[in-house]
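# An overview of the molecular structure
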Amino acid sequence: MEACHPPQQSNGTSYGAMALAIITLEVFAGMWINAFIVCVLCIAWVKKKTLNSNEKILLLLGCSRISFLCDAWLYHFLSKIFPNLLHFQTILQVLASIGTSFNYSNLWISACLCGFYCIKIANFRNSFFIYLKVKIDRMVPWLLVGTEILALAISIITYVLGETLQRSNINFTGQENFWEVTIRKDKHLFSSHFLAGLVLTASFLVVTFSAVFLLFSLWRHKRMMQTNSMKDLNMDAHIRAMKSVLSFLVMYSINFACLILTIIYTTKKENIMTLLIYIYLYAFPGVHSLILIFSNPKLEKALLKFLSCVKWEFFMK
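So, here is what we can say about the structure in this document. (Residues numbered from 1 in each chain as written. Predicted model: local features only at pLDDT ≥ 70, side-chain atom pairs only at ≥ 80, totals over all residues. Heavy atoms only, no water.)

### Focus on the environment of Phe-306
As for its position among the elements, Phe-306 is in helix 8 (residues 297–316). Residues Phe-306 and Phe-36, 270 residues apart in the sequence, show an inter-C-alpha distance of 9.8 Å. When residues no more than four places from it in sequence are discounted, the contact partners of Phe-306 are Trp-32 and Phe-36. (Helix = DSSP H or I, 4+ residues; strand = E, 2+ residues; numbered from the N terminus. Contact = heavy atoms within 4.5 Å.)

Okay, structure coming up:
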């Protein structure tokens, strides 16, 4: 029996090292991309003394994603390099709650960005939609503040549910009915998973409906121009926006499916499916931010200028 343990331990160690290496590459790439967005917008903020609504959303989104990736990497680093440290449930719960807050903040700000694009670009004659189009710039700061408060409140609820579940484990005694303890644990897990599923579904629906309305509006605009044999100089921008929204909807759909799968696979620690899910989840903030850069002329121009400077410095050496 003794001879069977070293291979298993070696497999577990190699699995953890591989997962940490992949996650580290994704996290630092995503942090660099989002840090670029934050730096460009902060420089523009200093120069102009103001930011438009789109830039405010992008700035907060970049900061939220940097924070989320930092917390995710720290959690995985501690769990793989110092596994005994996570035996202290306070550290585990605090890291999980902070990560939950940043993750929900990231998802909801992304949903707000998609909704903002829909309201700004789409054209409908509905009076309520016209009212939103007029007032959206004033509503954006309050939406962002509400998003952060909601994310913080959910993270606190998650922490309380985790602490309650942990106390249930500690207070279990042999005289207590095992099935009663199991039912109590299932109730706490169901509450946590139901809350996570509710938040994920709500943000996913916002993105889906925003994308559908925007695509319908752009399609109707294009058809009207073709019917009237009109040439619109903004058609290229419209098609570019459609491609951006479609790619965003596809990525967000996959991200939503992965987040739901993480709820299903929470009890399975070292599983190849779990690794694949986390690989995509940690790639999403960087890849989607890269799409946002190339769909924004100002950010794209700044990135190309930066890359040309880096290329020039490299060849000069």
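### Remarks on the nonpolar core
Ile-57, Leu-58, Leu-113, Val-140, Ile-293 and Leu-299 are the most contacted members of the largest nonpolar core, which totals 28 residues. Secondary structure elements with two or more residues in this core: helix 1 (5–48), helix 2 (53–81), helix 3 (89–121), helix 4 (127–170), helix 5 (178–227), helix 7 (272–294) and helix 8. Take this core: its biggest share by element is 6 residues, from helix 1. If we skip the residues at most four places from it in the chain, Leu-58 touches Ile-37, Leu-41, Leu-113, Leu-292, Asn-296 and Leu-299. Judged by nonpolar contacts, the second largest core, of 25 residues, contains Tyr-104, Ala-211, Tyr-252 and Ile-277. (Core = buried A, V, L, I, M, F, W, Y, C linked by side-chain atoms within 4.5 Å. Buried < 20%, exposed > 50% of the residue type's maximum accessible area, 1.4 Å probe, protein only.)

### Some words on helix 7
In this model helix 7 runs 33 Å from its N-terminal to its C-terminal C-alpha over 23 residues, within 8% of the 33 Å that 1.5 Å per residue would give. By the largest-angle criterion, Phe-284 marks the main kink of helix 7, which is about 40 degrees, and a proline, Pro-285, follows within four residues. (Expected span 1.5 Å × (residues − 1). Bend = angle between axes of the 7 residues up to and from the residue.)

### Points about the pattern of salt bridges
Scanning the entire structure with this criterion turns up 3 salt bridges. Where Glu-55 meets Lys-48, a salt bridge forms, and the shortest distance between an N and an O atom there is 3.5 Å. Classification of Glu-55 by relative accessible area gives buried; the value is 4%. A salt bridge links Lys-120 to Asp-137; the shortest N-O distance between them is 3.2 Å. Placement of Lys-120 in helix 3 and of Asp-137 in helix 4 is noted, with a sequence separation of 17 residues between them. The class of Lys-120 is partly exposed, set by a relative accessible area of 35%. (Salt bridge = Lys/Arg side-chain N within 4 Å of Asp/Glu carboxyl O.)

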